Amino acid sequence: MKTGPVCIITGASGGIASGIARELSARDYRLILLSRSGCGDLAEELDQTGIAGSVLVEADMEAAAALAIERHGRLDCAVFSGGRQADILKAYDIAPAPPASGESFSFDPAYLREPFDIPFEAWHANYDMNVLGPMRLLKAVLPPMRAQGAGAFVALSGIEALQPRMPYPLGPNRLALHGFAKLLSDRFAGDGIRINCVAPGLMENAADEFPDGWKEMVPAGRYGAVSEIAATVAFLLSPEAGYITGQTLVADGGVNRNAGL
Ligand SMILES: NC(=O)c1ccc[n+]([C@@H]2O[C@H](COP(=O)([O-])OP(=O)(O)OC[C@H]3O[C@@H](n4cnc5c(N)ncnc54)[C@H](OP(=O)(O)O)[C@@H]3O)[C@@H](O)[C@H]2O)c1
């Protein structure tokens, strides 16, 4: 029976967040795993709790926080992950980057999507998911964390925010997330609550989205492993990171080593 910290993870049914769930479960965390489909299989595999909900719905975030308190009597941490930008673009009939050969991470001549071909509704949808999504989760978990006098929050971001490139045209939205992490860490650090972001680079779980040649342009010479992001998030949640707040930690194999945050 697990007795460790209690953590909500959103978007946990697959991808990076399911890797975070496996990592935290192995570290004895008690988890509330949320996604639209309910994370049933993963919850069963890890002997944790799943709940169906969307990061777009404030009441669903409140329900996850209430479930953590009901099941475990406390809430120590929360991790935000949501849908990928490619999925948001697809919802607006905008094709993802084709698997063309890439000579740079930037504009690929085989990929003639113009920024203003993308409807403003898609920009709003991405902001709603990747900026307001973390804010909804944070708003729901703050009351129990403040009552306990401690808490740690990590939101997944992405390197497309740091060096915007045409294959990920909505990426600059996420700079707002980094800004909110700074603002809210300033407000709640005195309550013992730490708020950070992790910006993954090109991850192996999305390798089918990336053009040939991109892997070789990563200084590390490979895509990142989900387990590496999971370990980075676990570190930021842990007491070892107790003096780190308001930061965005970039984990990208060296792609953005010169980027200012
Ligand atoms: N993979 C990469 O290379 C990479 C790089 C940089 C940044 N990122 C960022 O990391 C995050 C996760 O990426 P990923 O590759 O793990 O994505 P993924 O494999 O597509 O998984 C996303 C998960 O989120 C859930 N989800 C989608 N919409 C949701 C919603 N409205 N509410 C709750 N859950 C929702 C989905 O499950 P359900 O269908 O059950 O809801 C799915 O399991 C994204 O923000 C992405 O932009 C990824």
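Structure first, text after, so check above.
Computed from a predicted structure; not experimentally measured.

If you check helix α3 (residues 58-72), its first and last C-alpha atoms are 21 Å apart, about what 15 residues at 1.5 Å a residue would give, namely 21 Å. Looking only at α3, the buried set comprises M61, A64, A65, L67 and A68. Viewed along the axis of α3, the buried residues span an arc of 155 degrees, placing them on a single side of the element. Where the residues of α3 are buried, they touch β1 (6-10), β2 (30-35), β3 (49-52) and α6 (132-148).

Turning our attention to the site of the ligand. Around the ligand sit 28 residues, and of these S13, I16, S35, S37 and R174 come closest. Within the side chain of S35, an N or O atom sits 2.7 Å from an oxygen atom of the ligand. Bound to the protein, the ligand loses 88% of the 890 Å² it would expose on its own. Every element with two or more residues in the shell around the ligand is listed here: α1 (15-26) and α5 (120-130). A per-class count over the shell around the ligand returns nine nonpolar, 16 polar and three charged.

It is at 8 Å that the axes of α1 and helix α9 (residues 226-237) come closest, and there the two elements cross at 60 degrees. As judged from the angle between their axes, α1 and α9 are oblique. Crossing of α1 against α9: the hand is right-handed. Along the contact surface, α1 presents G15, I16, G19, I20, E23 and L24, while α9 presents V226, I229, A230, A231, V233, A234 and L237. In terms of residue class, the contact of α1 with α9 is made up of ten nonpolar, two polar and one charged.

Attention shifts here to the pattern of salt bridges. One pass over the full model with this rule turns up eleven salt bridges. The partner of R84 in a salt bridge is E209, and the shortest N-O contact between them spans 2.9 Å. Of this pair, R84 sits in the loop between β4 (77-80) and α4 (85-91) while E209 is found in the loop between β6 (193-200) and α8 (214-217), placing the two residues 125 residues apart along the sequence. R84 gets classed as partly exposed once you look at its relative accessible area, which sits at 34%. Between D87 and K90 there is a salt bridge; the shortest N-O distance is 3.4 Å. With D87 and K90 both in helix α4 and three residues apart, this pair spans about one turn of that helix. Residue class for K90 comes out partly exposed when judged on its relative accessible area of 46%. Salt bridges sharing common partners tie together R146, R187 and D191.

Two descriptors summarise a pair of aromatic rings, namely the distance from one centre to the other and the angle between the planes of the rings. The full count for this structure, using the stated rule, is five aromatic pairs. Centre to centre, the rings of F210 and W214 are 5.9 Å apart; their planes meet at 25 degrees, and the pair counts as stacked. Residue classification places F210 among the buried residues on the basis of a relative accessible area of 8%. One aromatic cluster in this structure is built from F116, F120 and W123.

Here the focus is the packing of α3 against α6. Axis separation between α3 and α6 bottoms out at 8 Å; the angle between their running directions is 30 degrees. Two packed elements cross with a definite hand, and for α3 against α6 that hand is right-handed. Listed contacts from α6 to E58, M61, E62, A65 and I69 of α3 are R136, L137, K139, A140 and P144. Partitioning the contact of α3 with α6 into residue classes produces six nonpolar, no polar and four charged.

To continue, consider unusual backbone geometry. Notably, D28 is not glycine yet its phi reads approximately 80 degrees, a positive angle. Along the polypeptide, D28 turns up in the loop between α1 and β2. Note on D28: relative accessible area 27%, which makes it partly exposed. Look at C39: it is not a glycine, yet its phi comes out positive at around 60 degrees.

The rules behind these values
Residues numbered from 1 in each chain as written. Predicted model: local features only at pLDDT ≥ 70, side-chain atom pairs only at ≥ 80, totals over all residues. Heavy atoms only, no water. Helix = DSSP H or I, 4+ residues; strand = E, 2+ residues; numbered from the N terminus. Expected span 1.5 Å × (residues − 1). Buried < 20%, exposed > 50% of the residue type's maximum accessible area, 1.4 Å probe, protein only. Arc of directions from axis to C-beta. Contact = heavy atoms within 4.5 Å. Near = heavy atom within 4 Å. Polar contact = N/O pair within 3.5 Å; in protein donor to acceptor, adjacent residues only side chain to side chain. Areas by Shrake-Rupley, 256 points an atom, 1.4 Å probe, with all protein chains shown as cover. Nonpolar A, V, L, I, M, F, W, Y, C, P; charged D, E, K, R; others polar. Axes fitted to C-alpha atoms, helices over the stretch in contact; angles between N-to-C directions. Parallel < 35°, antiparallel > 145°, perpendicular 65-115°, else oblique. Left-handed = near helix turned anticlockwise from the far one by under 90°. Salt bridge = Lys/Arg side-chain N within 4 Å of Asp/Glu carboxyl O. Phe/Tyr/Trp six-rings, centres within 6.5 Å; stacked < 30°, edge-to-face > 60°.

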